[in-house]
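Read off the chains here:
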Protein chains: 2
Amino acid sequence: MRCIGQSSEEKIKEAARKVFLKKGFDGTTSRDIANEAEMNIALTNYYFRSKEKLFLEIFKDLLNLYFQDTIDIFNKDIPLREKIIESVDHTFEMVKKEPDLVIFIMNEVHKEPERLVPDLNFLRQVKNSKLAQQLSDEIVKGNIRPIGVENILPMLCGYIQFIFMGKNIHMKVFEVTEEQFAVFAEDHKNIIKDMIINYIFLPK
Amino acid sequence: MRCIGQSSEEKIKEAARKVFLKKGFDGTTSRDIANEAEMNIALTNYYFRSKEKLFLEIFKDLLNLYFQDTIDIFNKDIPLREKIIESVDHTFEMVKKEPDLVIFIMNEVHKEPERLVPDLNFLRQVKNSKLAQQLSDEIVKGNIRPIGVENILPMLCGYIQFIFMGKNIHMKVFEVTEEQFAVFAEDHKNIIKDMIINYIFLPK
DNA sequence: TTATATTTTAAATGTTTGTTTAAATTATGC
DNA sequence: GCATAATTTAAACAAACATTTAAAATATAA
């Protein structure tokens, strides 16, 4: 094995990740991946047996990327207000760093929901996080409105995600540049945080 | 021309609309469309010249469906509070009726933003609606926080849309049925309305 | 060095893709 | 009814598809 740089297997996986994220499973051909990796077309099947197997491996990684840090934040031992801010901020940074991730996950799961089945145990962590207990506690104390994880999850993650999923539409509708969109997104992020906190917490 | 029922052209267009919405452009084959329409494979090209042309025609219709009613509501001569409620309610009904529409538009525009270029004039109506003026007026009067159309649009439409785009993910994460999801969605719709109004309007 | 195992290659596999063809069928206008 | 136009059909098209093959090249281990 050549030990300078990545192995061929890694090169292919990274290239495939890039192309799948950009074009989705249906829009990606084996040749696209081979070209991106600058490798022979046969190597994809030599290392991963099929396009589908390679996709599923990458999909698993990306689903992890999509949820793991959020789960970790939900499980942190910090006050609710802080957790809300950190969650929104993290989602914002995540979609900024990996702009194709959300629409990719949404679209692939929409077309074939059963792709999530092998990761059901992983997904369950979302609803069983510390945040759930934290919400119940604060509700009992009368500090916040009665609200469950299922309703706060989209607020903390989904709203921001939507802004970036609809980036191209926004840019056309409001006729703005990338830079202007970035300003808008930052602005909207702060509105979301204010709005959630303003809504959730009850006046003393 | 046979005048009982639809024309062949209409049959094909309707079938194509159905399949494109479900599987997207890349995931749809000419034979899928012909099968769905129960028509000969050659008729797609006889009536629409190519798969691409047929797609663009349908895409235009769907983009209209996605935006037109919202634009109309934005232009209504009704109080802001009422307009907010009506917008959210309309979005909710729209995505319930056409569950694949939002992810379809999002995904196709994400892959190829230039598909929106022919409809730029149509899209401009969103930001030039009466709602924009209405917001400025209320801001000057000190009734609401300073906020622009670009920030209120996602609140009125996007948040609800996200809930339905992520339907399959939600159902797996929270292990609920279709019926339970419907209850959740309804619930979240009301939260969104409360949250927006609670945030936008300043106390007298 | 030599034998063996791993990796890479060009070429070919059989399907499926979008699209076209030319003939067959049906409708239309006089 | 008959000529013409419009529609529908089965079949074929080349190109692109995922995947396989078998030989060539390279690395490994003795």
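Residues numbered from 1 in each chain as written. Chains lettered and ligands numbered in written order. Predicted model: local features only at pLDDT ≥ 70, side-chain atom pairs only at ≥ 80, totals over all residues. Heavy atoms only, no water.

For chain A, an unreviewed UniProt entry supplies the name TetR/AcrR family transcriptional regulator and the organism Dyadobacter frigoris.

Draft legend 1. Inspection of helix H5 (residues 80-97) of chain B at higher detail. The terminal C-alpha atoms of H5 of chain B lie 26 Å apart, and with 18 residues this matches the ideal 26 Å at 1.5 Å per residue to within 8%. The set of residues buried in H5 of chain B consists of Leu-80, Lys-83, Ile-84, Ser-87, Val-88, His-90, Thr-91, Phe-92, Met-94 and Val-95 of chain B. (Helix = DSSP H or I, 4+ residues; strand = E, 2+ residues; numbered from the N terminus. Expected span 1.5 Å × (residues − 1). Buried < 20%, exposed > 50% of the residue type's maximum accessible area, 1.4 Å probe, protein only.)

Draft legend 2. Focus on the protein's contact with DNA strand D. Taken together, 17 residues form the shell around DNA strand D, and within it Thr-29, Ser-30 and Lys-51 of chain A together with Ser-8 and Tyr-47 of chain B come nearest. Ser-30 of chain A is positioned with one of its backbone polar atoms (N or O) 2.7 Å from a phosphate oxygen of DNA strand D. Mapped by element, the contributors of at least two residues to the surface near DNA strand D are helix H2 (30-37) of chain A together with helix H3 (43-48) of chain B. For the surface near DNA strand D, the element with the most residues is H3 of chain B, which contributes 3 residues. A class-by-class count of the residues in the surface near DNA strand D yields 7 nonpolar, 7 polar and 3 charged. (Near = heavy atom within 4 Å. Polar contact = N/O pair within 3.5 Å; in protein donor to acceptor, adjacent residues only side chain to side chain. Nonpolar A, V, L, I, M, F, W, Y, C, P; charged D, E, K, R; others polar.)

Draft legend 3. Spatial organisation of the relation of the copies chain A and chain B. Once turned by 180 degrees and shifted 0.0 Å along the axis, chain A lies on chain B with an RMSD of 0.1 Å. A rotation of that kind, with that shift, is consistent with a two-fold axis. Of the residues that chain A buries at the interface, 100% are likewise interface residues in chain B, meaning the two copies contact each other through the same surface. (Least-squares fit on C-alpha atoms with pLDDT ≥ 70 in both. Contact = heavy atoms within 4.5 Å.)

Draft legend 4. View of the nonpolar core. Ranked by internal contacts, the top residues of the largest apolar core, which has 137 residues, are Phe-67 and Ile-105 of chain A together with Tyr-66, Phe-67 and Ile-105 of chain B. Not counting the four nearest positions on each side in its chain, Phe-67 of chain A is found in contact with Phe-122, Leu-123 and Val-126 of chain A together with Ile-169 and Val-173 of chain B. (Core = buried A, V, L, I, M, F, W, Y, C linked by side-chain atoms within 4.5 Å.)

Draft legend 5. A look at the packing of aromatic side chains. All names here are of chain B. By the definition in use, this model includes 25 aromatic pairs over all chains. Look at Phe-20 and Phe-55: their rings are 5.0 Å apart centre to centre, the planes differ by 85 degrees, and that puts the pair in the edge-to-face class. Note that Phe-20 is positioned in helix H1 (residues 8-27) and Phe-55 in helix H4 (residues 51-74), a separation of 35 residues in sequence. Ring centres 4.8 Å apart and planes at 70 degrees place the aromatic pair Tyr-66 and Phe-67 in the edge-to-face group. Side by side, Tyr-66 and Phe-67 carry an identical accessibility label, which is buried. Over the face of the ring belonging to Phe-25 we find Arg-115, whose NZ or CZ atom lies 5.2 Å from the ring centre. One cation-aromatic arrangement involves Lys-189 over Phe-92; the distance from NZ or CZ to the ring centre is 4.4 Å. (Phe/Tyr/Trp six-rings, centres within 6.5 Å; stacked < 30°, edge-to-face > 60°. Lys NZ or Arg CZ within 6 Å of the ring centre and 35° of its normal.)

Draft legend 6. Fine view of the domain arrangement of chain A. Residues and elements named next belong to chain A. Along its sequence, chain A is carved into domain 1 (1-49) and domain 2 (56-200). Just the C-alpha atoms count here: the centres of domain 1 and domain 2 sit 30 Å apart. Between domain 1 and domain 2, the contact holds 10 residues from the first and 12 residues from the second. Interface area for domain 1 against domain 2, summed over the two sides, is near 980 Å², with a carbon-plus-sulfur share of 57%. Here domain 1 is connected to domain 2 by 5 salt bridges. For the salt bridge of Lys-111 with Asp-26, the shortest nitrogen-to-oxygen distance reads 2.9 Å. (Domains from an automatic or database assignment. Buried area = accessible area lost by both parts, 1.4 Å probe. Salt bridge = Lys/Arg side-chain N within 4 Å of Asp/Glu carboxyl O.)

Draft legend 7. A look at unusual backbone geometry. All names here are of chain B. Located in the positive-phi region is Glu-38, a residue other than glycine, with phi close to 55 degrees. On the secondary structure map, Glu-38 appears in the loop between helix H2 (30-37) and H3. At Glu-175, a position not held by glycine, the phi torsion is positive, near 45 degrees. Looking at the element boundaries, Glu-175 is found in the loop between helix H10 (167-173) and helix H11 (178-200). On the basis of relative accessible area, Glu-175 is assigned to the partly exposed category, the value being 39%.

Draft legend 8. Inspection of the UniProt feature "domain: HTH tetR-type" (unreviewed entry) in chain A at higher detail. The UniProt entry lists residues 6-66 of chain A under the feature "domain: HTH tetR-type" (unreviewed entry), expressed in the numbering used here. Between the end C-alpha atoms of residues 6-66 of chain A there is a gap of 25 Å, over a span that is 82% helix and 0% strand. (UniProt positions renumbered as here; feature names shortened; annotations may be inferred.)

Draft legend 9. Focus on the packing of H4 of chain B against H5 of chain B. Residues and elements named next belong to chain B. Closest axis-to-axis distance for the H4/H5 pair is 10 Å, and the angle between their directions is 160 degrees. When the axes of H4 and H5 are compared, the pair comes out roughly antiparallel. The two elements H4 and H5 meet at a crossing, and its hand is right-handed. Facing Leu-65, Tyr-66, Asp-69, Thr-70, Ile-73 and Phe-74 of H4, the residues of H5 in contact are Lys-83, Glu-86, Ser-87, His-90 and Met-94. The residue makeup of the contact of H4 with H5, split by class, is 5 nonpolar, 3 polar and 3 charged. (Axes fitted to C-alpha atoms, helices over the stretch in contact; angles between N-to-C directions. Parallel < 35°, antiparallel > 145°, perpendicular 65-115°, else oblique. Left-handed = near helix turned anticlockwise from the far one by under 90°.)

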